Amino acid sequence: MTWKNFAGLMIGVSICAAPFVYFSEDTTQGYSSSIDSKVYGVMTDDTSQNSKLYSIQKLGLSATRESILTSTYKGSAGRLQFWNTNGIKMYLNINSYQQGTGKGFQSADTFVPIMLDIANKYKPYWIFIENEELNTGYHEGDLFNDYTKLIKAAIDSGHANGFKISNGGLTSRRTVQLTYRWLWKTNDSLADYFLQNCVPIDDTSWLANYMTDEKQERLLSESETLLRWYSRSKIDAVNVHLYLPFKNRTKGAISAKGNGIVGLNYVIDYLNSVLDGKKIISNEIGFVENNTDLSFNTFKFLDSAGIEACFYGGNGSKRFFRDGELTRLGTGINKYTP
């Protein structure tokens, strides 16, 4: 028996044989599709909070993503109060330090009391502990010691005070890599399909031969180990950042035309397989094409799958509004009704 066949047996999952190219109601059977039971939001790069509020309201959403640092918190936060005053729910990232400064995570004894003070004053809808915990460009620290201790303490204390707690967010790139790795171990034809249609050009070379790349395999293995740790924890949901189309999420000079939400069903299947029924959430759904069908179908899929989310509208062509008018991406979000 080859290693690949053995790995497939060890995974013990079943994946349908035919790839889904377009959104299909059949891929989400059994899920609730009532937007009333879920909260969706938007985060934009607008410079003023009034502009951000305008975007949220015109898109017909009711929440936003906000962030605050425990290391600089002085007992009040005007930005958080602004959202409370205007009736906007918060997907709130609470971070130890400014990301990218080379610092690690605060100890739970320092972080958690400040987190609770912030949460009790401003009542966020969700609390996310740090941002992108696996992103070493944002912060340093021992993931399986410092961070897991921190988030466990945050979960325990948060629950005791009535708050929902999630992690900082697995990056879109790492999630796509993990999904390919899972398919590679379980279904050759789907793995090939996913590699060609969903994996960014930057990653196709090493992923196609990833088992010979010990460093990359170690990174993927560590990431999945963290996901399995979440599955056994009392975390309320596991946060994953997603940028669509997956194929076009590239940082290199080579770009590729994207293809809508192709592969999103496989990504969610992978997460469900490793999280053992744990809820999935995303406080960062971004788009790398300005396309109405893309944002509409993404919203439709997430709602049908029961996944709460906050959409990210960046600068340039990825904005939801321009000169007071909806862009194509903004139109797609605005048009969707369950």
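Anything mentioned here points back to the structure above.
Model, not experiment: these values are computed from the prediction.

Asker: Quick question: what am I supposed to make of helix α10 (residues 264–275) here?
Answerer: Spacing of three or four residues puts side chains on the same side of an α-helix, whose turn is 3.6 residues. The terminal C-alpha atoms of α10 lie 16 Å apart, and with 12 residues this matches the ideal 16 Å at 1.5 Å per residue to within 8%. Among all positions of α10, only Leu 264, Asn 265, Tyr 266, Val 267, Ile 268, Tyr 270, Leu 271, Val 274 and Leu 275 are buried.

Asker: Please explain the pairing of strand β4 (residues 126–129) as it appears in this structure.
Answerer: Two faces, one strand: in a regular strand the side chains alternate between the faces of the sheet. Here β4 shows no split at all, with Trp 126 and Phe 128 on one side and Ile 127 and Ile 129 on the other all buried. Examined bridge by bridge, strand β3 (residues 89–95) and β4 share four bridges and lie parallel to one another. When the sheet's bridge partners are listed, Leu 92 is paired in β4 with Ile 127. Crossover connection from β3 via helix α4 (residues 108–122) to parallel β4: handedness right-handed. Two strands pair when backbone bridges link them, and β4 and strand β5 (residues 165–167) are joined in this way by three bridges, in the parallel orientation. Across the sheet, the residue bridging to Phe 128 is Ser 166, located in β5. In the classification by handedness, the crossover that spans β4, the intervening helix α5 (residues 143–160) and the parallel β5 is right-handed.

Asker: Sorry if this is basic, but what is going on with the packing of aromatic side chains here?
Answerer: Within a pair of aromatic rings, the relevant descriptors are the distance that separates the centres and the angle that separates the planes. Summed over all chains, the structure comprises 15 aromatic pairs. Centre to centre, the rings of Trp 126 and Phe 128 are 6.2 Å apart; their planes meet at 25°, and the pair counts as stacked. Within the aromatic cluster, the residues linked to one another by ring pairs are Tyr 40, Phe 287, Phe 296, Phe 299, Phe 311, Phe 320 and Tyr 336. One residue, Arg 249, lies across the ring of Tyr 243, its end atom 3.8 Å from the ring centre.

Asker: What exactly am I supposed to notice about the pairing of strand β9 (residues 308–313) here?
Answerer: Among the six residues of β9, five are classified as buried, and the element is accordingly described as predominantly covered. Two strands pair when backbone bridges link them, and strand β1 (residues 40–44) and β9 are joined in this way by five bridges, in the parallel orientation. Bridge pairing in β9 links Tyr 40 to Ala 309. Where strand β8 (residues 280–287) meets β9, three bridges bridge the pair, whose relative direction is parallel. Bridging across to β9, Ser 282 finds its partner in Ala 309. Taken together, β8, helix α11 (residues 292–304) and β9 constitute a β-α-β crossover, and its handedness is right-handed.

Asker: When you look at the pattern of salt bridges in this model, what are you seeing that I'm missing?
Answerer: Here the idea is simple: oppositely charged side chains can pair when their charged atoms come close. This structure, assessed with the given rule, holds 11 salt bridges. Of the charged contacts in the structure, one is a salt bridge between Arg 65 and Glu 284, with a shortest N-O distance of 2.6 Å. Within this pair, whereas Arg 65 is found in strand β2 (residues 63–69), its partner Glu 284 is found in strand β8, the two being separated by 219 residues in sequence. Taken individually, Arg 65 and Glu 284 each receive the classification buried, so the pair is uniform in this respect.

Asker: I tried to follow unusual backbone geometry on my own but got confused; where do I start?
Answerer: Backbone phi values are negative for most residues with the exception of glycine, while trans is the configuration of most peptide bonds. The amide bond that connects Leu 244 to the next residue, Pro 245, takes the cis arrangement and shows omega of -5°. For Pro 245, the position within the fold is in the loop between β7 (242–244) and α10. You will see that Glu 130, though not glycine, has its phi angle at about 65°, which is positive. Looking at where Glu 130 falls in the secondary structure, it is placed in the loop between β4 and α5. In this structure, Asp 276 takes a positive phi of about 55° despite not being glycine. Along the polypeptide, Asp 276 turns up in the loop between α10 and β8.

About the cut-offs
- Residues numbered from 1 in each chain as written.
- Predicted model: local features only at pLDDT ≥ 70, side-chain atom pairs only at ≥ 80, totals over all residues.
- Heavy atoms only, no water.
- Helix = DSSP H or I, 4+ residues; strand = E, 2+ residues; numbered from the N terminus.
- Expected span 1.5 Å × (residues − 1).
- Buried < 20%, exposed > 50% of the residue type's maximum accessible area, 1.4 Å probe, protein only.
- Pairing = 2+ DSSP bridges.
- Right-handed = clockwise from strand over helix to strand, strands pointing away.
- Phe/Tyr/Trp six-rings, centres within 6.5 Å; stacked < 30°, edge-to-face > 60°.
- Lys NZ or Arg CZ within 6 Å of the ring centre and 35° of its normal.
- Salt bridge = Lys/Arg side-chain N within 4 Å of Asp/Glu carboxyl O.

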